[in-house]
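As a plain string of letters, each chain reads:
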Amino acid sequence: MGIGDRLCYGGDYNPEQWPARVWAEDVALMRQARVTLVTVGVFAWSRLEPAPGRYTFDWLDDVLDLLHTGGIRVALATPTASPPPWFSLAHPGALPVTADGVRLHHGSRDTYCAATPAYRTAALRIAAALADRYAHHPAVALWHVHNEYGTTCHCEHTARAFRRWLTARHGDLAGLNDAWVTSFWGQHYSDWAQVSTPRATQYLANPGQLLDFRRFWSDTLLAAYTEQRDRLRAANPAIPVTTNYVLGDWVPVDHARWATEVDLVAVDHYPSAVDGAAEEQTALVADLARGWARHAAGRRPVTAPPPAGLPGTAGAWLLMESAPNQIHTAGRMHTKEPGRMLRHSLGHVARGSHGAMFFQWRAPAGGAERFHSALVPHAGPDSRVFREAVELGAALDRLGEVRGTVEASVALVVDAASGWALRHPGLPSTRLGHHEEVAAVHRALWRAGFGCDTVTAGDPLDGYRLLVLPALYLVDDATAGWLSGYVRGGGHLLATYLSGAADEHARVRLGGYPGALRDLLGVLAEEFHPLADDDHVRLDDGGTGRIWAETLRLSGADTVASYAGGVLDGRPAVTRHRAGAGAAWYVSTRPDGATYRGLLDTVARTAGVAPVCATAPEGVEAVRRRDEDASWLFLFNHTDREQRVPARGVELLSAKPVEAAVTLPPGGVAVLRERTG
Ligand code: GAL
């Protein structure tokens, strides 16, 4: 691994948008900012293959040579997220079709259907041409396949591929009819030709069909990625291959499943908030990325060591894109305050990212994203943002020694399929969401200062004192066994409402909620009470809950808190069940922030979970990385007051010794190589 070398720093570089005379200035500025890695060619298909099979690589040759001479390494992209207009005109059948049956036209990006053979052939051909020409170019450190796989399609090619996928999953139509419960509303299929993608329909769609389409489409996009990856690897197995994950609550693919197929988990993160919530989102996304990366570790043979300067494969991840300045929220752009680019970037590095990359290097004069922020803004290098970019490069340069695992004794289960299923129509409330529950409990853990890893069902749980299931709606029998084994073996489990309510086909488990987890949790819910937007329930410990409440019956568990007032007055709201050597807690509502915090403090005390840095004041985030020989403490002051944190060691950003305490200015960051003893 390039640890001891330099962290990755740079971003999307689009030299094809600029005359060649700008390139030399770009490289000079990159050197000034200590940029180490740039993504090149990500949307350049029409400039690389202006007509079918005719390649114009000369400009890319020059760019790669120039970067190499400047000591800057390249994540070379395959440009397949933006097919050229000639492709769409030659293959109109490869343009994507919406659920309403409307065929889209070129004129933006991502105008292809990933299930269409013509697109896959053309995409593989340009990837192969790049592989053959550049796989041994000394500047190339990483292949960056495509960009943010996340489109969808409902064309006939997709429908045929969906049927093939369903046949493999369900065996025969009887299996499909059973899994989708087609006996409801007379949807029984008697011929595969009747089965289609979930196109727009009259009223509520079938949940089994919706869920399987999501799984199928994630697999289809993954196949589009792996065939390019295999071709790139074949050209030079020493160069790692990745693709950048797009995030969002619409969750296009199953990232955990994809993690086993990339050499490096790479995520793009654009917080959807501008206030303190952006910091929470940064922490959550970084914990998710690390979870996916760890998920991949050890499951795939490492084919070759990565080139120096890039992370090794096991557990590595990289923030591939973020915004240097403005981000779009609620219909307008918001400027990031001075210092925030550094704070967000180091927030990712603290949680395991091997650097900080941005979209984009230089702001373009035109095009759809002409006002998106850049490290070199429209104003040019004599600007606040570029000066901060130079400071960030210097800061990252001083952190090359940081390594090791991120300290965490809580594990949070995240499940793409539960996220998809809780978006289905026909649920008891439109306010339900697995990812919202993940975010709510992560926020409470973050505020309490508890280190948290994200895991996927079936992952090893050694070393975790507390496992949290945030509305893990779909639980198959194997997952139920995994959870029971963890608790009976001495673990503490905290499950929130709707966890275990349905099986892997999104069929409700009968006998009372929470279905698969009833015995483990020692409770049975007969009825639920979804709450209106402005409604809440009160708890007898002074807490409040929103979104959801349940009529709970105890079947072995003890009551921790009861509902107070209303129809549920006096009934259990939060419970605890001793099972084997451990305990399983159940929360039948969504606790408000302070209520969650109080509950987590109680559960953590019982489970033996301690904050990462008990002496960090409220509003100061602490993250610790550790290996056998050393530890590093990252401290982030998210308050507008100066803060003091007792610590000893060396502060790496200032290279100053710390004898008793670190003083953090408002919004300040410190990274300590800790001295114990
Ligand atoms: C990302 C995408 C970039 C750019 C950026 C700005 O999702 O990968 O190409 O569009 O968003 O919003």
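Residues numbered from 1 in each chain as written. Predicted model: local features only at pLDDT ≥ 70, side-chain atom pairs only at ≥ 80, totals over all residues. Heavy atoms only, no water.

1. A look at the domain arrangement of the protein chain
Formally: Delimitation of the domains relies on an automatic or database domain assignment. For this analysis, residues touch if any pair of their heavy atoms sits within 4.5 Å. A quick way to say it: buried area is the sum, across both parts, of accessible area lost when two parts are put together, with a 1.4 Å probe. The working definition used for a salt bridge is a side-chain nitrogen of Lys or Arg within 4 Å of a carboxyl oxygen of Asp or Glu.
Partitioning the protein chain into domains gives domain 1 (8–154 + 197–400), domain 2 (408–606) and domain 3 (620–674). Taken together, the contact pairs 28 residues of domain 1 with 28 residues of domain 2. Between domain 1 and domain 2 the total buried area reaches about 2200 Å² when both faces are included, carbon and sulfur atoms providing 59% of it. Counting across the interface, domain 1 meets domain 2 through four salt bridges. The shortest N-O distance in the salt bridge between glutamate 280 and arginine 443 comes to 2.7 Å.

2. A word on the packing of aromatic side chains
So the rule is basically this: Note on aromatic contacts: the rings of Phe and Tyr and the six-membered ring of Trp form a pair at centre separations within 6.5 Å, being stacked when their planes are under 30 degrees apart, edge-to-face when over 60 apart, and tilted otherwise. Numbering goes from the N terminus for both helices and strands, where a helix is a DSSP run of H or I of at least four residues and a strand is a run of E of at least two. Note on classification: 1.4 Å probe, protein chains only; a residue is buried when its accessible area is under 20% of the maximum for its type, exposed when over 50%, partly exposed between these limits. Two conditions define a charge sitting above a ring: the NZ of Lys or the CZ of Arg must be within 6 Å of the ring centre, and it must be within 35 degrees of the ring normal.
Summed over all chains, the structure comprises 25 aromatic pairs. Measuring from ring centre to ring centre gives 6.3 Å for phenylalanine 87 and tyrosine 119, while their planes differ by 75 degrees; the resulting arrangement is edge-to-face. Taken together, the residues phenylalanine 87 in helix 4 (residues 85–90) and tyrosine 119 in helix 5 (residues 117–134) connect sequence positions 32 residues apart. Residue classification places phenylalanine 87 among the buried positions, given a relative accessible area of 1%. Its end group placed over the ring of tryptophan 18, arginine 362 keeps NZ or CZ at 5.5 Å from the ring centre.

3. Points about the pattern of salt bridges
The tally for this structure, following the rule as stated, stands at 43 salt bridges. The salt bridge involving aspartate 287 is made with arginine 351; its shortest N-O contact spans 3.0 Å. Remark: arginine 351 occurs in the loop between helix 11 (340–350) and strand 11 (353–358) and aspartate 287 occurs in helix 10 (residues 277–296); sequence separation between them is 64 residues. Look at the salt bridges and you will find they share partners, linking Asp287, Arg290, Arg294, Arg351, Asp453 and Glu621 into a network.

4. Notes on the environment of asparagine 325
For asparagine 325, the location among the structural elements is in the loop between strand 8 (317–321) and strand 9 (327–329). A relative accessible area of 8% places asparagine 325 in the buried class. On a C-alpha basis, the gap between asparagine 325 and alanine 115 in space is 36 Å, while along the polypeptide they are 210 residues apart. In this structure asparagine 325 touches His334, Thr335, Lys336, Ser373, Arg384 and Val385, once residues within four positions along its chain are discounted.

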